[in-house]
Amino acid sequence: MKRITLAPGAHVTVLPAEKFNRCRISIHFIWRASRKRATAEAVLPMVLERGYADCPDMTELSKRLARLYGAALSVDQTMSGQNRILTVCVSGIQDRFALEQEELSREYADIAFGTAFRPYVVNGMLDDEAVQIEKEQLRELLAGEKNEKRSYCIRQARRKLYAESPAGVERNGYIEELDALTAADVTAAYEHMLRHAQIEVYVLGAQENAVRSSLCAALEKIDRIPDEPVQESVFPKETPEYYQEPMATVQGKLCMMFTPKESFPAQDLSALRVAVAIFGGLPTSRLFQNVREKQSLCYYCAASFTSLTNVLCVDSGIEHGSAQKTQQAILHELAELSEKPVSQQELQEAKLALCNQLAAVGDTLRGLESWYFSERMRGGEKTPQQVAGEVEAVTAQDVQRILSRFSLAVAYTLTKEEQADE
């Protein structure tokens, strides 16, 4: 891996990809989330994906990608802790496989950086017609939020936990703001991103020089004051908060958010991986084996940890009326693991599963990039092999120590109205 700083807040990371026949160029913009700009920022990637100054027509853009041996363009956005991330990615076959020795990397770079830095504008603003079309697409997405009950329940729990914090800003914005949203608003959000975002460019299998020259050319035209991203935060609660939402569903949902009183140091991350795997991250976990299999209290029960907010999340599908029993069973398993060390067999099974996952990180370009980008967001540069070594060194006492630091902050339940108070 090689990382180069081309300008303040602008970096290029080159990852080895010789074993692949495809390549990938990704441009990540990372900036602090804002409630005020959230809806405009949610529409922005949808507008950018429609085309750019040199290729503003979606049909023509699709043809250009097709002529490059079926290259692909995507513009996505997500939230990571208190930061918003917009990613422009172009992937296609590597130059060495081109039939006519075409310089495909330069073509890919032109599309990626054109999409990111040279959008199609009309009268100095992003195309109003495109903004209006994508507003309606976003409206449909937001209006259908409750259709996927599992993710809706998790989002509701997050909203209660993060409240007014930037970590609680909605990735997809707010439906009540869409009618008043204008092309000028989206343009202002785009200009704010260019000026204040950290820029992390990842190159896998493409020609580094083509990417570096494209980035340098783009930066010359922008007066930038990049912000430092927020790397971590904690959201402890003095006492647990419980919420119930009546919903006519076949299956109820329960999401529980656990937080520590202070953030974990970087050296605890591998122990956290093992601890969460044992608690509820694997088919051999305590939650799966005891809460689901032995007690039959839920259809599924899974745990995950978000390092940038130090939140342990447990979500499950439940029978209506069994939320209280399921909550108590989950809390019991956490208490058990916090009070006494796990067995060596349990510990080794979790380590083996995690090491297998780490060994598979480099099997795809997306997986390889995601690993190193996540490391960068946490402020580290560890390889999967280094982390596997740390995982092997985790002890039963480490697992006990880690899990004992969590306490319940928020529990959110979706259940039938007649069951809501049981």
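Details of the structure are given in the entry above.
Keep in mind that this is a model prediction, so the values were computed, not measured.

Novice: Outline unusual backbone geometry, listing residues and values.
Specialist: For Gln-101, which is not glycine, the phi torsion reads 55° and is therefore positive. Position of Gln-101 among the secondary structure elements: in the loop between β5 (83-93) and α3 (104-117). Gln-101 sits in the exposed class, given a relative accessible area of 63%. A positive phi angle, near 55°, is found at Ser-296, a position not held by glycine.

Novice: Give a detailed account of the packing of aromatic side chains, specifying residues and quantitative values.
Specialist: Summed over the entire model, instances satisfying the criterion amount to eight aromatic pairs. A ring pair is formed by Phe-113 and Phe-117, whose centres lie 6.0 Å apart and whose planes are at 10°; its orientation type is stacked. Note that Phe-113 and Phe-117 are positioned in helix α3 at a spacing of four residues, about one turn of the helix. Of the residues examined, Phe-117 reaches a relative accessible area of 12% and is grouped as buried. Seen from their ring centres, Phe-264 and Phe-406 are 5.4 Å apart, and the 45° between their planes marks the pair as tilted. Residue Phe-264 is found in the loop between β10 (252-259) and α8 (269-281), and its partner Phe-406 is found in the loop between α14 (396-403) and β13 (407-415); the two are separated by 142 residues along the sequence. Summarising the burial analysis for this pair, Phe-264 and Phe-406 share the class buried. Within the aromatic cluster, the residues linked to one another by ring pairs are Phe-29, Phe-113 and Phe-117. One cation-aromatic arrangement involves Arg-35 over Tyr-174; the distance from NZ or CZ to the ring centre is 3.5 Å.

Novice: Requested: an account of the sheet that holds strand β12 (residues 311-318), with residues and values cited.
Specialist: Strand order in the open sheet formed by five strands is β9-β13-β10-β12-β11, and the pairing between neighbours is mixed. Both outer strands of the open sheet, β9 (241-246) and β11 (298-306), are each paired with one neighbouring strand and no more. Neighbour-to-neighbour, the strand axes of this sheet turn through a mean angle of 10°, independent of strand direction. Where β10 and β12 come together, seven bridges link them in antiparallel fashion. Among the inter-strand pairings, Leu-254 is bridged to a residue of β12, identified as Ser-316. The strands touched by helix α10 (residues 323-339) are β9, β10, β11, β12 and β13; relative to β10, the strand with the most contacts, the crossing angle is about 35°.

Novice: Describe in detail the side chain of Ser-270, supporting the description with residues and values.
Specialist: Mapped onto the elements, Ser-270 comes out in helix α8. Residue Ser-270 is classed as buried on the basis of its relative accessible area of 3%.

Novice: Can you lay out the pairing of β10 for me, pointing to particular residues and giving the numbers?
Specialist: For β10, the tally of buried residues reaches eight of eight residues, placing the bulk of the element in the interior. Residues of β10 alternate between two faces, with Gly-252, Leu-254, Met-256 and Phe-258 on one and Lys-253, Cys-255, Met-257 and Thr-259 on the opposite face, all of them buried. Bridge count for β10 against β13 is seven bridges, and the pairing is antiparallel. Its bridge partner lying in β13, Lys-253 is registered against Leu-414.

Novice: I'd love a proper account of the pattern of salt bridges, names of residues and values included.
Specialist: Oppositely charged side chains are able to pair whenever their charged atoms sit close together. Taken as a whole and assessed by the stated rule, the structure comprises 32 salt bridges. Here Glu-369 makes a salt bridge to Arg-24, at a shortest N to O gap of 2.5 Å. Within this pair, whereas Glu-369 is found in helix α12 (residues 365-377), its partner Arg-24 is found in strand β3 (residues 22-32), the two being separated by 345 residues in sequence. The exposure class assigned to Arg-24 is buried, which follows from its relative accessible area of 12%. A salt bridge links Arg-50 to Glu-134; the nearest nitrogen and oxygen atoms lie 2.9 Å apart. Placement of the pair is Arg-50 in the loop between α1 (38-48) and α2 (58-67) and Glu-134 in helix α4 (residues 128-143), with a sequence separation of 84 residues. Summarising the burial analysis for this pair, Arg-50 and Glu-134 share the class buried. One salt-bridge network, in which partners are shared between bridges, spans Asp-54, Arg-64, Glu-107, Asp-110 and Arg-118.

Novice: So what's going on with the pairing of β13? Residues and values would help.
Specialist: For β13, the tally of buried residues reaches eight of nine residues, placing the bulk of the element in the interior. Where β9 meets β13, six bridges bridge the pair, whose relative direction is parallel. The residue of β13 that forms the bridge with Gln-244 is Thr-413.

Basis of the calculations
Numbering of residues starts from 1 in each chain and follows the order in which that chain's sequence is written. Only residues with pLDDT of at least 70 get local features here, since the model is predicted, and only at 80 or more are side-chain atom pairs given and counted; chain-wide, interface and lining totals rely on the full set of residues. For side-chain calculations, the full set of non-hydrogen atoms in the structure is used, while hydrogens and water are omitted. Here a helix means four or more residues in a row that DSSP labels H or I, a strand means two or more in a row labelled E, and each is numbered from the N terminus. Three exposure classes are used, based on accessible area relative to the maximum for each residue type with a 1.4 Å probe and protein chains only: buried under 20%, partly exposed in between, and exposed over 50%. Aromatic rings from Phe, Tyr and Trp, taking only the six-membered ring of Trp, are treated as a pair when their centres fall within 6.5 Å; an angle between ring planes under 30 degrees marks them as stacked, one over 60 as edge-to-face, and anything in between as tilted. For a Lys NZ or an Arg CZ to count as sitting over a ring, it must be within 6 Å of the ring centre and within 35 degrees of the ring normal. Strand pairing is assigned whenever DSSP detects at least two bridges linking the two strands. Fitted lines through C-alpha atoms give the axes, limited to the stretch in contact for helices. The angle between two N-to-C directions lies from 0 to 180 degrees. We call two residues in contact when some of their heavy atoms are within 4.5 Å. By definition here, a salt bridge exists when the distance from a side-chain nitrogen of Lys or Arg to a carboxyl oxygen of Asp or Glu is within 4 Å.

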